[in-house]
Amino acid sequence: MEASYPAVHPVGVPPQFKGAGPPATRMKDLPGSAGTLAGMGIRFGQFAFALTSFSVMITIPDFSSVTAFCFLVAAMVFQCMWSLSMGILDGYAILSGQCLHNSLFVSLFVVGDWVTSTITFSGACATAGITVLIDNDLNRCGPNHCSRLEAAVAMAFLSWIMISLSFFFSFWLLSSRHHFICKSPLQIIL
């Protein structure tokens, strides 16, 4: 009777370098940055909160009589347009496999997110201040729809938190210059 004996072959092990830990995450894989699913989710979250705040504000009769309320409506319209356009751009980048991490696009995202978040935050704060004045100081909350105003302010602040996340992710990418390995913007657009 013949018996078979297993053959042992050595397996090549890659050399270990001192101080080498797990592989670092590349900046283009940063979750929440432009061109990722998480980034697109954040953008559409911004859009949803801003649209909800806008919808609540325009259902209040005579909201246009207070300047802060008009400013919040204008800020939410601007927030909706910015977030929707950036969400569509993220979706296009995901579907086409394009990279949005070049210097021009990331700079645009940083400045746009910064301006939009500043406008959103100031509109939410102004409306919150008027709402506190009406509710706590004047005690005239009944005829002035304070619950709707508070809901609109809450949605505006949630939208601001979401756009602040987008700003920080974009700023992180901009500050780490080694990630710009993409094609030029004209090659991405064409």
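Here the structure is a predicted model, which means the values were calculated and not measured. What you see as residue numbers is a count from 1 along each chain, following the sequence as written. Owing to the predicted nature of the model, reporting of local features is limited to residues with pLDDT of at least 70; listing and counting of side-chain atom pairs is limited to 80 or more, with chain, interface and lining totals taken over all residues. Side-chain measures were taken over the full set of non-hydrogen atoms in the model, leaving aside hydrogen atoms and water.

Every patch collects residues that have over 30% relative accessible area and no salt bridge, joining them within 9 Å if they carry like charges and within 5 Å if they are nonpolar side chains (Val, Leu, Ile, Met, Phe, Trp, Tyr). All accessible-area figures derive from a Shrake-Rupley calculation using a 1.4 Å probe, and residue coverage is judged against the displayed protein chains alone. The salt bridge criterion pairs a side-chain nitrogen of Lys or Arg with a carboxyl oxygen of Asp or Glu, the two atoms within 4 Å. On the surface, Val77, Phe78, Met81, Val111, Trp114 and Val115 cluster together into a nonpolar patch covering about 540 Å² of accessible area. Elements that contribute at least two residues to the nonpolar patch include exactly helix 2 (67-96) and helix 3 (103-137). By the secondary structure assignment, methionine 81 is in helix 2. Its relative accessible area of 53% is what places methionine 81 among the exposed residues. Comment: elements are numbered from the N terminus, with helices defined as DSSP H or I runs of at least four residues and strands as E runs of at least two. Relative accessible area decides the class of each residue, using a 1.4 Å probe on protein chains only: under 20% of the type maximum gives buried, over 50% gives exposed, and in between gives partly exposed.

Here leucine 149 is to be found in helix 4 (residues 146-175). In the structure, leucine 149 is positioned 19 residues away from isoleucine 130 in sequence and 9.4 Å away in space, judged by C-alpha atoms.

Per the stated rule, a full pass over the model turns up one salt bridge. For arginine 43, the salt bridge goes to aspartate 113, with nearest N and O atoms at 2.7 Å. Linking arginine 43 in helix 1 (residues 37-58) with aspartate 113 in helix 3, this pair joins segments that are 70 residues apart in sequence. Across this residue pair, the class does not change: arginine 43 and aspartate 113 are buried.

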